[in-house]
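One letter stands for each residue in the lines below.
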Amino acid sequence: MAVNLTELSLPQLEGLKTQLDQETEFLTSSIGQLKVVQTKYVEAKDSLNVLSKNNEGKELLVPLTSSMYVPGKLHDVDNVLVDIGTGYFVEKRVGDGKEFFKRKIDFLTKQIEKIQPALQEKHGMKQAVVEVMNMKLQQLHSQQASQSATIKA
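Being a predicted model, the structure only gives us computed values, none of them experimental.

> Before we go on, may I ask you to explain the pairing of strand β2 (residues 69–73) in this structure?
Side chains on a regular strand alternate between the two faces of the sheet. As judged from the five bridges shared by strand β1 (residues 59–63) and β2, these two strands associate in the antiparallel manner. Bridged to Val 62 within β2 is Val 70. Connecting the antiparallel pair β1 and β2 is a turn made up of five residues.

As structure tokens, then:
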């Protein structure tokens, strides 16, 4: 159901603007979160390129936390454990791991592409509400000015 913005009162427009602000904030946050996860998958996929026969047996640092590492040796360059969510890990061949991460990256890209038009639409709606609010405020000010001029006369 379409609503003519010019028929709404200032308080109704203010309420609509607040709602649109919340919706755009939510959509922007959602896109940001999806991009963070997408970046993690891209980094994971890229890190699989290190696993080659040339690097087998080489020493490396194994992260225990984000700021603590222990020395280790790379023994198996053919298989990896992939976190598939909620604490479950699956052993995969390196190529299958790359394919898994590619599917996740593609899925997230499609989700971001689905949200982006909705976000742009909400921005456009908000802009229209602000324009109508400004127009109504100008009308209100000009009415008040003409009334005060009439009272003085």
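> What should I look at first to understand the nonpolar core in this one?
Within soluble globular proteins, side chains that are nonpolar tend to cluster in buried spots. Counting nine residues, the largest nonpolar core is built from Leu 48, Leu 51, Leu 74, Val 77, Val 80, Val 82, Val 94, Phe 100 and Phe 101. Sorting the residues of this core by element identifies β3 (79–85) and α2 (94–152) as the ones contributing at least two each. Of the residues forming this core, the biggest block, three residues, is contributed by α2. The contact partners of Val 82, leaving out residues within four places of it in the chain, are Tyr 88, Phe 89, Val 90, Lys 92, Gly 97, Phe 100 and Phe 101.

> Can you walk me through the environment of Gln 143 in this structure?
Take Gln 143: it is sitting in helix α2. A C-alpha to C-alpha distance of 62 Å links Gln 143 and Thr 86, two positions 57 residues apart in sequence.

Reading the values: the criteria
Residues numbered from 1 in each chain as written. Predicted model: local features only at pLDDT ≥ 70, side-chain atom pairs only at ≥ 80, totals over all residues. Heavy atoms only, no water. Pairing = 2+ DSSP bridges. Helix = DSSP H or I, 4+ residues; strand = E, 2+ residues; numbered from the N terminus. Core = buried A, V, L, I, M, F, W, Y, C linked by side-chain atoms within 4.5 Å. Buried < 20%, exposed > 50% of the residue type's maximum accessible area, 1.4 Å probe, protein only. Contact = heavy atoms within 4.5 Å.

Keep in mind these values describe shape, not function.
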